[in-house]
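Residue-level listing of the chains:
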Amino acid sequence: MSPRRRVSALLPDFPWDTIASVKAKAAAHPDGIVDLSVGTPVDPVDPLIRAALSSVADVPGYPTTHGTPELRAAAVDALKRRYGITGLDPAAVLPVIGTKELIAGLPRLLGLGADDLVVIPEVAYPTYEVGALLAGTKVVRADGLTQLGPQSPALIYVNSPSNPTGKVLGVEHLRKVVQFARERGAVVASDECYLGLAWSVSSGRSAGSAPGGAVSILDPEVCDGDHTGLLAVHSLSKTSNLASYRAGFVVGDAELVAELLEVRKHSGMMVPFPIQAAMTAALGDDAHEAVQRERYRARREVLRKALQGAGFRIDHSEAGLYLWSTRGEPCRTTLEWLAERGILAAPGDFYGPGAGEYVRIALTASDERIEAAAQRLA
Ligand SMILES: Cc1ncc(COP(=O)(O)O)c(C=O)c1O
């Protein structure tokens with residue numbers, strides 16, 4: 001028998017383990033830690049969503065992988081209402097158990113392997129690379145597609161608004177990605193986790209259609225209404241505070257979604273039925289999203305001023321849940337400086353080799369903790 005191959009050996013060390021000592025230092029602050037290292041929601045789940053969840057808590061049967069017709073219809077309606085995405089068929093919506101699992105599995109689900117190339121942003125959410133490594137594909141970090149030369153990638157990730165930088169890609173940039181992908185036969189996976197959290201730009205068409213706003217890859221202005229080869233990945237974790245529920249969906253090219261559905265059906269990748277009901281309620285209601293957005297907007301203002309007052313420069317960060325901040329020094333030095341004040345941030349080097357002088361500071365803490373951070377920075 002051949003020796004057992006460790007899949008984890010394909011993967012980098014789990015990055016969060018590397019900030020354990022700095023976390024301990026921040027936790028030793030007499031007034032407690034202000035943990036701004038992770039983008040995890042802290043505000044309660046809206047009562048409307050909780051009621052939907054518990055209303056079906058007695059249902060015993062298996063859920064379907066494709067989700068209920070009500071959930072898929074609610075997703076299509078929400079995308080149209082919130083972001084101006086038209087022409088979607090509810091059959092082309094597929095619920096996922098949080099989008100991280102989809103992203104980590106996508107290259108494999110699409111049948112990619114050693115001969116294939118996956119393109120990820122230069123500074124990126126780490127799971128794009130993880131998914132490629134698990135499938136054994138080649139990976140390249142590139143923001144400009146001209147960097148690829150004659151190569152024909154199989155899968156291109158875009159993430160606008162970006163984690164960690166908060167950068168928003170405009171319509172023209174996204175149009176070029178779509179055109180390039182079509183010429184070379186690539187799939188575009190657009191991670192739109194933060195599309196509903198835009199600050200100095202508009203979000204989709206609903207907020208007034210300002211040029212330069214944060215738009216979906218499926219926006220008619222980006223793809224001319226043709227969803228071929230395009231997948232948009234939407235999470236309810238941040239906009240609806242549903243990270244604990246594990247709730248997201250992928251939507252776009254009907255043929256690609258049908259293929260993902262087929263494989264996921266066999267693999268038992270089903271979103272639990274009560275979560276599907278909760279998602280349906282969340283997607284049907286914009287009021288709770290607006291309330292949450294305003295909470296983050298206020299926290300962002302407090303933190304932004306405090307960081308700038310303390311000599312930080314904040315780049316990008318037009319949207320999303322993070323302030324991409326630098327003191328022009330190695331990020332681990334900045335991390336220590338913050339930890340001495342009881343504040344924990346995420347080091348830029350988690351996100352790519354070009355981000356070593358940045359720290360990512362999340363807006364996801366209570367008003368009281370954000371205020372404490374501001375005072376400590378003053
Ligand atoms: C860019 C990006 N994509 C996807 C995810 C995963 O979100 P979830 O699995 O909660 O849907 C996150 C979470 O932080 C993220 O920042």
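Residues numbered from 1 in each chain as written. Predicted model: local features only at pLDDT ≥ 70, side-chain atom pairs only at ≥ 80, totals over all residues.

The protein chain appears in an unreviewed UniProt entry as Succinyldiaminopimelate transaminase from Nocardia vinacea. Listed under Cofactor (unreviewed entry) in UniProt, the entry text for the protein chain is "pyridoxal 5'-phosphate". (UniProt positions renumbered as here; feature names shortened; annotations may be inferred.)

Mapped onto the fold, Leu-102 is located in helix 4 (residues 99-109). Look at Leu-102 and you get buried, because 26 C-beta atoms sit within 10 Å. Note: C-alpha distance between Leu-102 and Leu-260 (158 residues apart in sequence) is 9.8 Å. Setting aside its immediate chain neighbours within four residues, Leu-102 contacts Val-96, Val-233, Gly-248 and Val-250. (Helix = DSSP H or I, 4+ residues; strand = E, 2+ residues; numbered from the N terminus. Buried ≥ 20, exposed ≤ 12 C-beta atoms within 10 Å, placed from the backbone. Contact = placed C-beta atoms within 7 Å.)

Turning to the site of the ligand, a few remarks are in order. The environment of the ligand is made up of 14 residues, and the closest members are Gly-98, Thr-99, Lys-100, Ser-235 and Ser-237. Among the elements that take part in the shell around the ligand, helix 4 stands out by supplying 3 residues, more than any other. Among the residues making up the shell around the ligand, the classes are represented as 4 nonpolar, 8 polar and 2 charged. (Near = placed C-beta within 6 Å. Nonpolar A, V, L, I, M, F, W, Y, C, P; charged D, E, K, R; others polar.)

All right, on to the nonpolar core then. Among the nonpolar cores identified, the biggest contains 121 residues, and Ala-75, Leu-155, Val-188, Ile-217, Val-250 and Ala-278 are the most heavily contacted of them. No other element matches the 8 residues that helix 9 (residues 273-283) contributes to this core. Setting aside residues no more than four positions away along its own chain, Val-188 makes contact with Ile-156, Val-158, Val-177, Val-178, Ala-181, Ile-217, Gly-229 and Leu-230. (Core = buried A, V, L, I, M, F, W, Y, C linked by C-beta atoms within 7 Å.)

Attention shifts here to the sheet that holds strand 5 (residues 155-158). Backbone hydrogen bonds hold the strands of a sheet together, and the pairing may be parallel or antiparallel. Across the sheet, 7 strands lie side by side as 2-8-7-6-5-3-4; this open sheet has mixed pairing. Every interior strand has two partners, whereas the edge strands, strand 2 (93-96) and strand 4 (138-141), have only one. Within the sheet, the average angular offset between the axes of one strand and its neighbour, ignoring direction, is 20 degrees. One ladder, built from 4 bridges, connects strand 6 (residues 187-191) with strand 7 (residues 230-235); its direction is parallel. Counted as the bridge partner of Ala-189 is Leu-231 from strand 7. The strands that helix 6 (residues 171-184) touches are strand 5, strand 6 and strand 7; relative to strand 5, the one it contacts most, it runs at about 170 degrees. (Pairing = 2+ DSSP bridges. Axes fitted to C-alpha atoms, helices over the stretch in contact; angles between N-to-C directions.)

Counted residue by residue, helix 4 has 8 buried out of 11 residues, so it is predominantly covered. Turning to helix 4, its buried residues number three or more, namely Thr-99, Lys-100, Leu-102, Ile-103, Gly-105, Leu-106, Pro-107 and Leu-109.

Time to look at the environment of Val-158. With respect to the helices and strands, Val-158 occurs in strand 5. Linking Val-158 and Ser-325, residues 167 residues apart in sequence, is a C-alpha distance of 22 Å. Setting aside chain neighbours within four positions, we find Val-158 in contact with Leu-169, Leu-174, Val-177, Val-188, Ser-190 and Ile-217.

Glancing now at the confidence of the model for the protein chain. Residues at a pLDDT of 70 or more form 96% of the protein chain, whose mean pLDDT is 95. Here residues 206-212 is modelled with pLDDT under 50, and outside its nearest four sequence neighbours on either side it reaches 12 contacts, counting other chains as well. (pLDDT = per-residue confidence, 0-100.)

Among the 5 residues of strand 13 (residues 358-362), 5 are classified as buried, and the element is accordingly described as predominantly covered. Of the two faces of strand 13, both are covered, the one formed by Tyr-358, Arg-360 and Ala-362 as well as the one formed by Val-359 and Ile-361. In this structure, strand 10 (residues 322-326) lies alongside strand 13, joined through 5 bridges in antiparallel fashion. Considered in strand 13, the bridge of Trp-324 is made with Arg-360. Note: strand 12 (residues 346-347) against strand 13, 2 bridges, orientation antiparallel. By the bridge assignment, Pro-347 is partnered in strand 13 with Val-359.

Let us now look at the packing of helix 2 (residues 47-55) against helix 9. Running from N to C, helix 2 and helix 9 cross one another at 150 degrees; their axes reach a closest spacing of 7 Å. The orientation of helix 2 relative to helix 9 falls into the category roughly antiparallel. The hand of the helix 2/helix 9 crossing is right-handed. Two secondary-structure elements touch here, helix 2 through Leu-48, Ile-49, Ala-52, Leu-53 and Ser-55 and helix 9 through Pro-274, Ala-277, Ala-278, Thr-280, Ala-281 and Ala-282. Broken down by class, the residue content of the contact of helix 2 with helix 9 amounts to 9 nonpolar, 2 polar and no charged. (Parallel < 35°, antiparallel > 145°, perpendicular 65-115°, else oblique. Left-handed = near helix turned anticlockwise from the far one by under 90°.)

Once that is clear, we can look at helix 6. In this model, helix 6 (14 residues) spans 20 Å end to end at C-alpha, consistent with the 20 Å of a helix rising 1.5 Å per residue. By the burial criterion, the buried members of helix 6 are Leu-174, Val-177, Val-178 and Ala-181. With its buried residues spanning 95 degrees around the axis, helix 6 presents them on a single face. Exposed residues lying more than 90 degrees from the buried face of helix 6 are Glu-172, Gln-179 and Glu-183. Looking at the buried side of helix 6, the elements it contacts are strand 5, strand 6, helix 7 (220-223) and strand 7. (Expected span 1.5 Å × (residues − 1). Arc of directions from axis to C-beta.)

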